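# Topology and contacts: notes
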Amino acid sequence: MLKTIAGFDRIGEENAFAVLARATELTGQGRDIINLGIGQPDFKTPAHIVEAAIKALQDGHHGYTPATGIAPLREAVSADLLKRHGTETDPGQVLIVPGGKVTMYMAILMFGEAGTEILYPDPGFPIYRSMIEFTGARPVPVPIREENDFAFSAEETLSLITDKTRLLILNSPANPTGGVTPRSEIEKLVSGLEKHPNVAVLSDEIYSQMTYDGMEHVSLLQFPSLRDRLILLDGWSKTYAMTGWRIGFSLWPEQLIDKARKLAVNAWSCVNAPTQYAALAALEGPQDAVIDMVAQFDARRSVIVNGLNAIDGITCRTPRGAFYAYPNIQETGWKAKELASALLEDVGVATIGGPDFGILGEGYVRLSYANSTENIKIALDRVKDYVETNS
Ligand code: PLP
C-alpha cells in the first residue's frame, strides 16, 4: 500500500468538470444537452490571437522561455494594469502562469500549513477551500450573503481575522454568484486590513472586465496600503475566450515574486511559448471582441434572470458581474444538488448545485449564461416545465 501525504484525504475538486464529463457523455449517446454548467465563454478566441500563436510557431518559438514569462508579455501586462486600474506596476513582479487557477494554487501553498487560517468566500470557487484543506491550514469561510447582493461584507470579513490568519481570498466579480463588491465596502475592508499588516490578500479578479449596469470593478491594486502584501490573480481565459489555452498572470509583492518564480521553475518551467505570443496579441490588439462578448453576456443576462424569476418557487437577483445567474430555489422544496442532477438527467440542462461552492450554497443553483440566447431560452422552458411539475 503506497502512503501519500494526509492532504489527499482532504483535497476536493471542481464538480463543474464532472458535470461537463457527464454532459459530454450524454451528448455522445445522442441526447440533446444544453450546457449551462461549466464557466467558459461559448465564443471562439478572436482570430488575430489565434494567428499570433500560429505565427509564433512558424517563427520558431519552440523552446523554453524565462520561467516568469517572455519580457514583452510581462511588460504588456503592466501596461494593461495601468490602463485598466490606473496603477503603475513593475513588470518584474508579473508572473505568467498556466491558467489563472495556478495563482491560487501557488498563493495557498505559500501561506497554508497546520496551525494557520485562511479566509475564503463561501459560496466561492471550490478550489480555494480544496487547496486550503490540502495544505492543512484551517479554512475559514467568509459568508457571501444573498441579502447583501452577494457582495463581501467588510465588517463580517474583518471580524473573522485572528492572529492565525495568514491569507484572505477575495473575489469580485464573483463566481458562482455574479456578485460585485462596491467601492464603499472595499474601502472599508482595506482600511480595516491596515490593522492586520501580517495578513496577505489574494484578489481573484479573473472576471474584472465583466461588469454590467455601470457597476464598477474596483481592483485591490488601487490601494497603496496593500501593495506589499497583495497577490493579484487575473488572466485571459474569460476575457478573451481562452480557457483551453491555459494561460493567466499574477502580480506578486516584491517580497514574494522570487518565491513564486521558484515554484514555477519547480513545477512547469514556463508557459508554452506560442500561447504567450497569443496572450501578447490579445493585450496589444483590438479590444472590440471583448466589448462585443460582454455586450452579448449582458443581453443574455436579462433573458436568464427574467426567465428564472418567471418559474414558480425560484427567485433570482440580477447579477452585476461575471456570467452566472445564481437563483434561490428554496421554495421549490428541492435540494440543490438533486435538482441540478435531475435537470441534467431528465431534461438535458446542465447546471451546478450551490453546495459545490460551499456550505452556504444549499438552496441555490448556478447557471452559466455563456451560451446562446436561443439555447438559454430552450433551457429555461425545460427548467420551468420540470420544476413546476415536480415541486
Ligand atoms: N477564478 C475564478 C473565480 C474562476 O471562476 C476561474 C475559472 O472558472 C478561475 C479563477 C480560473 O481560471 P483559469 O481557467 O484561467 O484557470
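Here the structure is a predicted model, which is why all the values come from computation and not from measurement.

### Looking at helix 3 (residues 71-85)
With 15 residues, helix 3 extends 21 Å between its outermost C-alpha atoms, agreeing within 8% with the 21 Å of an ideal straight helix rising 1.5 Å per residue. Along helix 3, the residues classified as buried are Leu73, Arg74, Ala76, Val77, Ser78 and Leu81. Buried residues belonging to helix 3 abut strand 2 (94-97), strand 8 (248-251) and helix 9 (273-284). Looking one or two places after helix 3, you find Gly86, whose phi comes out positive at around 70 degrees.

### What about the site of the ligand?
Taken together, 13 residues lie near the ligand, and Gly99, Gly100, Lys101, Asn175 and Ser237 sit nearest. Along the lines of polarity and charge, the residues of the shell around the ligand split into two nonpolar, nine polar and two charged.

### Some points on unusual backbone geometry
In this structure, Pro123 follows Asp122 across a cis peptide bond, with omega equal to 0 degrees. Secondary-structure assignment places Pro123 in the loop between strand 3 (117-122) and helix 5 (126-135). In the segment running from Asn175 into Pro176, the intervening peptide bond is cis, with an omega of 10 degrees. Along the chain, Pro176 falls in the loop between strand 5 (165-171) and helix 7 (183-193).

### Brief notes about the UniProt feature "domain: Aminotransferase class I/classII large" (unreviewed entry) in the chain
Here the UniProt feature "domain: Aminotransferase class I/classII large" (unreviewed entry) sits at residues 32-382. Each end of residues 32-382 is marked by a C-alpha atom, and these two atoms are 12 Å apart; helix forms 39% of the span and strand 14%.

### A closer look at the pairing of strand 12 (residues 365-368)
Because side chains alternate across strand 12, one face comprises the buried residues Val365 and Leu367, and the other comprises Arg366 and Ser368, equally buried. Sheet analysis places strand 9 (residues 324-325) next to strand 12, joined by two bridges and oriented antiparallel. Considered in strand 12, the bridge of Tyr324 is made with Ser368. Inspection of the sheet shows strand 11 (residues 352-353) paired to strand 12 by two bridges, in the antiparallel sense. Within the sheet, the bridge partner assigned to Ile352 lies in strand 12 and is Arg366.

Parameters and conventions
Residues numbered from 1 in each chain as written. Predicted model: local features only at pLDDT ≥ 70, side-chain atom pairs only at ≥ 80, totals over all residues. Helix = DSSP H or I, 4+ residues; strand = E, 2+ residues; numbered from the N terminus. Expected span 1.5 Å × (residues − 1). Buried ≥ 20, exposed ≤ 12 C-beta atoms within 10 Å, placed from the backbone. Contact = placed C-beta atoms within 7 Å. Near = placed C-beta within 6 Å. Nonpolar A, V, L, I, M, F, W, Y, C, P; charged D, E, K, R; others polar. UniProt positions renumbered as here; feature names shortened; annotations may be inferred. Pairing = 2+ DSSP bridges.

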